[in-house]
Amino acid sequence: ATAICAIYSPTAGAACYSEAHDLLKKVQTHPAAHRLALMLADEHKPPEVQHFGFQVLLAALRARPSTIHAHERAETKAWLIGLLASDRWVCNATHGTKFGGTPDGDAPMRRVFNSPPYVRSKCAEVVAELARLDWPEEWPELKPALLHAGGTAGAGSAALVLRVWSHLGDVLSED
């Protein structure tokens, strides 16, 4: 996690960046990259680490020949379906901004997403890439999961679902 955060740090020196970049390339080509990606993309990790986890998974899905076996793809699909249904993408309203307030003295509400937009976007790319490979024949659960997540959850989930459909349209038009 430290190496991943180092890449995103504006104060990291060239040597630190180079070392971190080399380490990350090794993770992407590791035989257990799929398992590592799922662990890195866990919602309890920092956003930079989550983003990298999705990048590793995307690289494994796009590798030729594929480095993800059928049982790993099934595990990934189940994990992604669970992710779509989770509250990870929900927008939480919190008090506490210092700008203005309401007449009764409360601080105005501020929207805070559990995962930032760049993490949601990378997740959507992963879902779309796996859908390109397996949907609809080998992943019939995807469409109902997307419809459910987009229709019942908050703004973060809806944004994720719309981004999945957008990426899916892009990747399908490329084939």
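Note that the coordinates shown come from a computational prediction; the quantities given were computed from them, not determined experimentally.

On a plain count of helices and strands, the protein comes out with 8 helices and 2 strands. Counted from the first residue to the last, the protein has its helices and strands arranged as α-α-α-α-α-β-β-α-α-α. By sequence separation, contacts in the protein at least 24 residues apart represent 60% of the contacts at least 6 residues apart. For the protein, the exposed area adds up to about 9700 Å²; of that, 58% sits on carbon and sulfur atoms.

Here the protein averages 81 in pLDDT, and 81% of its residues register 70 or above. For the protein, strand 2 (residues 110-113) is the element with the lowest average pLDDT, namely 44, and helix 6 (residues 117-134) is the one with the highest, namely 94. In the predicted structure, residues 95-103 sits below a pLDDT of 50 and forms 14 contacts with residues beyond four places in sequence or in another chain. Per-residue pLDDT stays below 50 along residues 107-112; that stretch engages in 26 contacts with residues further than four places along the chain or on separate chains.

Inspection of the secondary structure assignment puts A74 in helix 5 (residues 70-85). Measuring from C-alpha to C-alpha, the distance between A74 and W139 comes to 8.8 Å, with 65 residues separating the pair along the chain.

Below, the discussion takes up the packing of aromatic side chains. Taken as a whole, this structure holds 2 aromatic pairs when the rule is applied. A centroid spacing of 6.0 Å and a plane angle of 45° characterise the contact between F54 and W79, whose relative ring orientation is tilted. Highlighted residues: F54 in helix 4 (residues 47-62) and W79 in helix 5, separated in sequence by 25 residues. Consider the rings of W135 and W165, whose centres lie 6.1 Å apart with planes at 70°: the pair is edge-to-face. Residue W135 is located in the loop between helix 6 and helix 7 (142-152), and its partner W165 is located in helix 8 (residues 155-174); the two are separated by 30 residues in the primary sequence. Of the residues examined, W165 reaches a relative accessible area of 32% and is grouped as partly exposed.

Close contact between helix 5 and helix 6 brings their axes to 11 Å; oriented N to C, the two are set at 135°. In this view, helix 5 runs oblique relative to helix 6, as classed from their interaxial angle. As helix 5 packs across helix 6, the resulting crossing turns out to be left-handed. Taking contact as the criterion, the partners of R73, T76, K77, L80 and L83 in helix 5 are, on helix 6, C123, V126, V127, L130, L133 and D134.

The next point concerns the side chain of T76. Tracing the sequence through the fold places T76 in helix 5. Here T76 falls in the buried class, since its relative accessible area comes to 1%. A polar contact is formed between the side chain of T76 and the side chain of H34, at a distance of 2.7 Å. Ignoring anything within four residues of it in the chain, the contact list for T76 reads H34, L57 and L130.

Applying the stated rule across the entire model yields 7 salt bridges. We note a salt bridge from R62 to E125, for which the minimum N-O separation is 3.9 Å. Here the residue R62 occupies a position in helix 4, and E125 occupies one in helix 6, the gap between them amounting to 63 residues. Residue E125 is classed as buried on the basis of its relative accessible area of 19%. K77 is the salt-bridge partner of D134, the closest N and O atoms lying 3.0 Å from each other. Of the two residues, D134 is situated in helix 6 and K77 in helix 5; the sequence distance between them amounts to 57 residues. Like K77, D134 is buried. Through salt bridges with shared partners, one network takes in R62, K122, E125, E129 and R132.

Basis of the calculations
Residues numbered from 1 in each chain as written. Predicted model: local features only at pLDDT ≥ 70, side-chain atom pairs only at ≥ 80, totals over all residues. Heavy atoms only, no water. Helix = DSSP H or I, 4+ residues; strand = E, 2+ residues; numbered from the N terminus. Contact = heavy atoms within 4.5 Å. Areas by Shrake-Rupley, 256 points an atom, 1.4 Å probe, with all protein chains shown as cover. pLDDT = per-residue confidence, 0-100. Phe/Tyr/Trp six-rings, centres within 6.5 Å; stacked < 30°, edge-to-face > 60°. Buried < 20%, exposed > 50% of the residue type's maximum accessible area, 1.4 Å probe, protein only. Axes fitted to C-alpha atoms, helices over the stretch in contact; angles between N-to-C directions. Parallel < 35°, antiparallel > 145°, perpendicular 65-115°, else oblique. Left-handed = near helix turned anticlockwise from the far one by under 90°. Polar contact = N/O pair within 3.5 Å; in protein donor to acceptor, adjacent residues only side chain to side chain. Salt bridge = Lys/Arg side-chain N within 4 Å of Asp/Glu carboxyl O.

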